[in-house]
Every structure is written in structure tokens, then in C-alpha cells.
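The chain contents come next:
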Amino acid sequence: MKVLRTPDERFESLPGFTFVPHYADVPDGEGGSLRVHYLDEGPADGPVVLLMHGEPSWCYLYRTMIPVLVDAGLRCIAPDLVGFGRSDKPTERDDYTYARHVGWMRSLLLDRLDLTDVTLFAQDWGGLVGLRLVAEHPERFTRVAIGNTGLPTGHEPMSEAFLAWQQFSQTTPDFDLGAIVSMGVVTPPSADVVAAYDAPFPDDSYKAGARIFPTLVPTTADDPASAANVAAREVLAAWDKPFLTLFSDSDPITGGGERWFQEHVPGAAGQPHTTIVGGGHFLQEDQGPEVARRLVAFVG
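Described in the following lines is the structure provided in the data block. Everything numeric in this text was worked out from a predicted model, so none of it was measured.

1. A word on the overall build of the protein
At step 1: When helices and strands are counted, the protein shows 10 helices and nine strands.
At step 2: Relative to the globule expectation of 19 Å for 300 residues, the C-alpha radius of gyration of the protein, 18 Å, shows essentially globular dimensions.
At step 3: Its C-alpha atoms give the protein principal-axis dimensions of roughly 45 × 45 × 40 Å.
At step 4: Per-residue burial for the protein yields a buried fraction of 57% across its 300 residues.
At step 5: Across the protein, every contact between residues at least 6 apart in sequence was considered, and the portion connecting residues at least 24 apart equals 78%.

2. Brief notes about the sheet that holds strand β5 (residues 75-79)
At step 1: Strand order in the open sheet formed by seven strands is β2-β3-β5-β4-β7-β8-β9, and the pairing between neighbours is mixed. Edge positions in the sheet fall to β2 (22-27) and β9 (243-245), since each of these pairs with one other strand and no more. Strand after strand, the sheet turns through a mean of 25 degrees between neighbouring axes, direction not considered.
At step 2: In the packing of helix α2 (residues 98-112) onto the sheet, the strands contacted are β2, β3 (33-41), β4 (48-52) and β5, and the crossing angle to β2 comes to about 115 degrees.
At step 3: Packed onto the sheet, helix α3 (residues 125-136) meets β4, β7 (118-123), β8 (141-147) and β9 and runs at close to 150 degrees relative to β7.

3. Structural notes on the nonpolar core
At step 1: Leu109 and Phe243 are the most contacted members of the largest nonpolar core, which has 59 residues in total.
At step 2: Counting residues in hydrophobic clusters, the runner-up holds 36 residues, among them Tyr60, Phe121, Val193 and Val299.

4. What to know about the packing of α2 against α3
At step 1: Viewed as axis vectors pointing N to C, α2 and α3 meet at an angle of 65 degrees, and their least axial separation amounts to 10 Å. You can see that α2 and α3 cross each other, and the crossing is right-handed. Between α2 and α3, the residues in contact are Tyr98, His101, Val102, Met105, Arg106 and Leu109 and Trp125, Leu128, Val129, Arg132, Leu133 and Glu136, respectively.
At step 2: Here the contact of α2 with α3 is composed, by residue class, of eight nonpolar, one polar and three charged.

5. Concerning the pattern of salt bridges
At step 1: Under the defined criterion, the tally for this structure stands at 11 salt bridges.
At step 2: A salt bridge links Arg63 to Glu285; the shortest N-O distance between them is 2.7 Å. Of the two residues, Arg63 sits in the loop between β4 and α1 (66-71) while Glu285 sits in helix α10 (residues 283-299), which places them 222 residues apart along the sequence.
At step 3: Arg63 gets classed as buried once you look at its relative accessible area, which sits at 10%.
At step 4: Between Glu136 and Arg132 there is a salt bridge, with the nearest N and O atoms lying 2.7 Å from each other. With Glu136 and Arg132 both in helix α3 and four residues apart, this pair spans about one turn of that helix.
At step 5: You can call Glu136 partly exposed: its relative accessible area is 33%.
At step 6: Each of Arg106, Arg132 and Glu136 takes part in one network of salt bridges that share partners.

6. As for the packing of aromatic side chains
At step 1: Applying the stated criterion across every chain, the model contains 16 aromatic pairs.
At step 2: When the ring of Phe11 is compared with that of Trp58, the centres are 5.3 Å apart and the planes differ by 70 degrees; the resulting orientation is edge-to-face. A residue pair is termed long-range when its members are at least 10 positions apart, and Phe11 in the loop between β1 (3-4) and β2 and Trp58 in the loop between β4 and α1 qualify at 47 residues. Here Phe11 matches Trp58 in class, with each residue buried.
At step 3: Relative to Tyr197, the ring of Tyr60 lies with its centre 5.2 Å away and its plane at 85 degrees, an arrangement referred to as edge-to-face. Here Tyr60, found in the loop between β4 and α1, pairs with Tyr197, found in helix α6 (residues 191-198); they are 137 residues apart in sequence, far enough to count as distant.
At step 4: By relative accessible area, Tyr60 is classed as buried at 0%.

7. A closer look at the pairing of β3
Successive residues of a regular strand alternate their side chains across the two faces of the sheet.
At step 1: With seven of its nine residues buried, β3 lies for the most part within the structure.
At step 2: Hairpin connection between β2 and β3: a loop of five residues separates the two successive antiparallel strands, and Gly29 in this loop has a positive phi of roughly 95 degrees.
At step 3: Across four bridges, β3 lies against β5 in antiparallel orientation. Counterpart to Tyr38 in the pairing with β5 is Pro79.

8. Points about α10
At step 1: The first and last C-alpha atoms of α10 sit only 19 Å apart over 17 residues, clearly below the 24 Å expected at 1.5 Å per residue.
At step 2: Along α10, the largest kink reaches about 65 degrees and is centred on Pro289.
At step 3: For α10, the full list of buried residues reads Leu283, Gln284, Glu285, Asp286, Gly288, Val291, Ala292, Leu295, Phe298 and Val299.
At step 4: Contact partners of the buried residues in α10: β4, α1, β7, β8, α6 and β9.

9. Digging into a negative patch on the surface
At step 1: A contiguous patch of negative charge, built from Asp174, Asp176, Asp203 and Asp204, is present on the exposed surface.
At step 2: Positionally, Asp176 belongs in the loop between α4 (160-171) and α5 (177-183).

Conventions used here
Residues numbered from 1 in each chain as written. Predicted model: local features only at pLDDT ≥ 70, side-chain atom pairs only at ≥ 80, totals over all residues. Heavy atoms only, no water. Helix = DSSP H or I, 4+ residues; strand = E, 2+ residues; numbered from the N terminus. Rg over C-alpha atoms; globule rule 2.2 N^0.38 Å. Buried < 20%, exposed > 50% of the residue type's maximum accessible area, 1.4 Å probe, protein only. Contact = heavy atoms within 4.5 Å. Pairing = 2+ DSSP bridges. Axes fitted to C-alpha atoms, helices over the stretch in contact; angles between N-to-C directions. Core = buried A, V, L, I, M, F, W, Y, C linked by side-chain atoms within 4.5 Å. Left-handed = near helix turned anticlockwise from the far one by under 90°. Nonpolar A, V, L, I, M, F, W, Y, C, P; charged D, E, K, R; others polar. Salt bridge = Lys/Arg side-chain N within 4 Å of Asp/Glu carboxyl O. Phe/Tyr/Trp six-rings, centres within 6.5 Å; stacked < 30°, edge-to-face > 60°. Expected span 1.5 Å × (residues − 1). Bend = angle between axes of the 7 residues up to and from the residue. Patch = residues over 30% accessible without salt bridge, like charges linked within 9 Å, V, L, I, M, F, W, Y side chains within 5 Å. Areas by Shrake-Rupley, 256 points an atom, 1.4 Å probe, with all protein chains shown as cover. Lys, Arg positive; Asp, Glu negative; His and termini not counted. Charge placed at Lys NZ, Arg CZ, Asp CG, Glu CD.

Take a look at the structure:
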């Protein structure tokens, strides 16, 4: 597996991002290894909150949430998915599969970091990967909160907005990831914040993972990931630990996606589900401190 690693200088002096990087090696699935980056902030003995990003962002997305969570005594683990942030970036699109993303995060979070009693917060692909980990290792998780994500199986039609995004990702000659993030928020970010989302990708050769991600979402029942997601939904349909939805009010991609979880997950009953006002698809960028305060209350 040919791998690129973004130079460290690309991550210097990013606005609002002074966190110390941590790294661990995980099996790449082909006999080699990949270096995966993660943040580990807050007291080492504090309750663990796992913050999982999606496409095409990285753990920078959580920079305004982490201080609020740490001030409440929580330990924040925020990994970069393989192909994103400071994590290694395989160069071939075929190197990436849904199952491999789940396996890479399992290796980091459960095998290497040995996290237990975890509260998950996940958005976008962070949910598609994180909810699989919850379903496959429920004993490791104490509670779950999700925002603007889902667990598609290919049995239900996807939104027109998602299908348009999927097509765009495969056909546009200029896959400008900073611009894509800026289009997914309500409040336009400053130029230096947009540049921070571009930082992991010096050129297009680093973007194979970001390019292929939209096609890995199961959109048909015969998708390679469909059966595993059906099985994960069955586990969640019996999940009686606390389960919270924090979807935003201005996301055309996942709007309404919280209903399946509220109606089918037993642990969602009676929880303070909230619509985050003033949030686009990347609600952490628009309303990070508000989302963090909701998580503090949920853990408490």
C-alpha cells in the first residue's frame, strides 16, 4: 500500500488549534501499517468522550468543543480517519473500503487505546464508522450521541442532496475540501479556517480517501457494506443505554435522519433530543460550544 504523510509544517499556527498530536500504528490490512493521528485532551482518568469527524473534515472540526468538554472534567479522544488530517493517506482509491475504515478505527480505539465506558459523539462518516463500532462492541460504550449522520443500508432511497454530492465528488476536476466545508455551514468561516481544512491535503494526490468516501455509503441493498449495517441496526434496535440525537436545523444532507434512531433505539426514549439552531451540516463548526454543552449535560 503506497502511503503519503502530510508534512508537519502544514499544521503549524492553525487558528484555535494548539492541541498536542498523538500517533499510533495500526495494521493496514495488507501486511503493513498506517500511522493514525488522534487528540487526547483532558484528565487521563476522566470519562471518555470519543469525537469522530466525517467527510471531508478532520479533528480540527472539534477545536471549539474540546475546551468546553475538558473544562467539565471529560477526556476527549478525537481521531483523524485514515486519509484525513494528520493520519496517513493511502494513495489509491481502492485502498479504502467501509470495512477497512471500521477496522482501522477499531485497531486504534479499542486495541491500541483500549477505551472503555465511552461516550460517542459522531457526525457524518464519523457516525457510519462509530455506530458500527458501537454495534459490534457494545460493551465498550456507555452512551451515544449523534449529529447529522446515519447508518444507511441501501434499502431506503438517499436524499437528492446526497446523490448530487456523490456525483460531484467523482466528477469535479477541482475537489477543494476547504471550500466544501465552507459550503456546509451557516456562518461562513474566515479564510484562515478554510485554509486549516485544506491543510492536510497539499495536492490532489493526498485526496484519494476524500474522493472515494461518498461512493462507500451503501445506496443499494447489494452494497458490500449493506449486510453489516443491517446487523448493526438490529443491535441498535435493542440498545437500551442512553442514546441522544443532536441534529441541526440547516442540513439538506441528513435532515430528518434522527427519526429512525428516536423511533427504533430503546435508549433514545425520554432523552433530551435537540435540534441545534443555526447549524449546517458541520454543526460543530457553526455551533461547537452549544453542542459541547449538550454533551456535558448528557454525560452528567
